[in-house]
Amino acid sequence: MKKLVSIVIPAYNEADNVFVIAESIKSVFSTLNYNYEIILVDDGSADHTLEKIRAYAATTNNVFFLEFSKNFGHQLAVKAGMDHAYGDCVISMDCDMQHPPELIPDMLKKWEEGFEVVYTIRAEDKNLSKGKRSSSSLFYKTLNWLSDIELEPGAADFRLLDQKVVNVFRNFHENEPFLRGLVKWLGFKQIAIHYNPAARFSGKSKYTFKKMVNLALHGVTSFSIKPLYTAVYLGFILSMASVLYVPYIIYAFANNVEVSGWASVIMTIVFFGGLQLIILGIIGIYVGKMFMQSKNRPNYIIRSTNIPVR
């Protein structure tokens, strides 16, 4: 009996890419001895993505969809797809063709060799702007420095997970999951495959600089309390540094020297005031995450689906 491979694809405003990615996957599996299913997750698209998905799903019996009630985000879209995928292994990939389907046979080969997690590392795309490459590099450096996990630069959401790993994922109910970090944290037998990203078939990247910053914050605060320790250490260092002013103050009073410098005083006040706000913000992020998690709301809401009850 052929093994079943579930492929999870989040889609947000990807109307022009749905048919292309599905047909590319179909072409790849025509040469493989596996059954496969595609689970497309419409993440509250504002274009005709859902209509294109429905139309394509009507032509075949192995393409399914989940429609979110609104945009819940890429990470939760992948999580929802995995929650509903029951193949012997699950592959997650993006809809824009930058994750080449041609890499799937290599991933399956590593899986058959006994690896339970086969993740991919994207080679640097020289066609990207310098700013985009710099922000991506800064993202990984910051994450690795502040968190308790180690992610290789270029680690992507293009990965294969054995069903036993997916079963563990189903028990996670974090409202802001950082899947790349969770995969590393889980352990199991893992191996990386390097690949060159293909050109985006249509549309533009959904990961703006702001979203990259938010993703980094989610990653750091989900896996480490180092920022809290950093705030404490910084407070100690600055408090000790302030003691250096004491000899000068004593000298000024002893010699009746006027202590002047309004500009420096105001600048110092503004600096420490800003630093306090940053530290309070760090604490607030952790408290806010606990507050949101304590509500125990569903992480996502499915408006419609064609996936049969399993």
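The paragraphs below set out a description of the structure included in this document.

Basis of the calculations
Residues numbered from 1 in each chain as written. Predicted model: local features only at pLDDT ≥ 70, side-chain atom pairs only at ≥ 80, totals over all residues. Heavy atoms only, no water. Helix = DSSP H or I, 4+ residues; strand = E, 2+ residues; numbered from the N terminus. Buried < 20%, exposed > 50% of the residue type's maximum accessible area, 1.4 Å probe, protein only. Contact = heavy atoms within 4.5 Å. Areas by Shrake-Rupley, 256 points an atom, 1.4 Å probe, with all protein chains shown as cover. Pairing = 2+ DSSP bridges. 1 Å grid on protein atoms, 1.4 Å probe; cavity = no way out; pocket = protein on both sides within 12 Å on 5 of 7 lines; lining within 4 Å. Points joined across faces, edges and corners; volume = space filled by probe spheres on them. Axes fitted to C-alpha atoms, helices over the stretch in contact; angles between N-to-C directions.

**Observations regarding the overall build of the chain**
Scanning the chain from N- to C-terminus turns up 11 helices and eight strands. Burial statistics for the chain: of 310 residues in total, 44% are counted as buried. Counted over contacts in the chain with a minimum sequence separation of 6, partners at least 24 positions apart contribute 84%. As displayed, the chain has an accessible area near 17200 Å², and 63% of this comes from carbon and sulfur atoms.

**Describing the pairing of strand β7 (residues 190-195)**
Within a regular beta strand, the side chains point alternately toward one face of the sheet and then the other, so they alternate between its two faces. Taking every second residue as pointing to the same face, the buried face of β7 carries Ile-191, Ile-193 and Tyr-195, while none of Gln-190, Ala-192 and His-194 on the other face is buried. The sheet contact formed by strand β5 (residues 117-122) and β7 spans six bridges and is parallel. Looking across to β7, one finds that Ile-121 is bridged to His-194.

**A closer look at empty space enclosed by the protein**
Counted under the stated rule, the structure contains one cavity of 30 Å³ or more. Taken as a whole, the largest cavity holds about 70 Å³ of empty space. Looking at the largest cavity, the residues that line it are Tyr-119, Leu-151, Ala-155, Ala-156, Arg-159, Arg-180, Val-183, Lys-184 and Gln-190. Contributing elements (two or more residues each) for the lining of the largest cavity: β6 (155-162) and α7 (179-186).

**Quick notes on the sheet that holds strand β8 (residues 302-305)**
The strands making up a sheet are joined through hydrogen bonds of the backbone, oriented either antiparallel or parallel. Ordered by their spatial adjacency, eight strands build an open sheet running β7-β5-β6-β4-β1-β2-β3-β8, and the pairing between neighbours is mixed. The sheet terminates laterally at β7 and β8, the two strands that pair on one side only. Pairwise comparison of adjacent strand axes, ignoring direction, gives a mean angle of 20° for this sheet. Direction of pairing for β5 relative to β6: antiparallel, over a ladder of four bridges. Bridge pairing in β6 places Val-117 opposite Leu-161. Strand contacts of helix α3 (residues 74-83): β1 (4-11), β2 (35-42), β3 (63-68), β4 (89-92) and β6, with the helix running at about 155° to β1, the strand carrying the most contacts. Of the strands in this sheet, β5, β6 and β7 touch α7, which is tilted by about 45° from β6.

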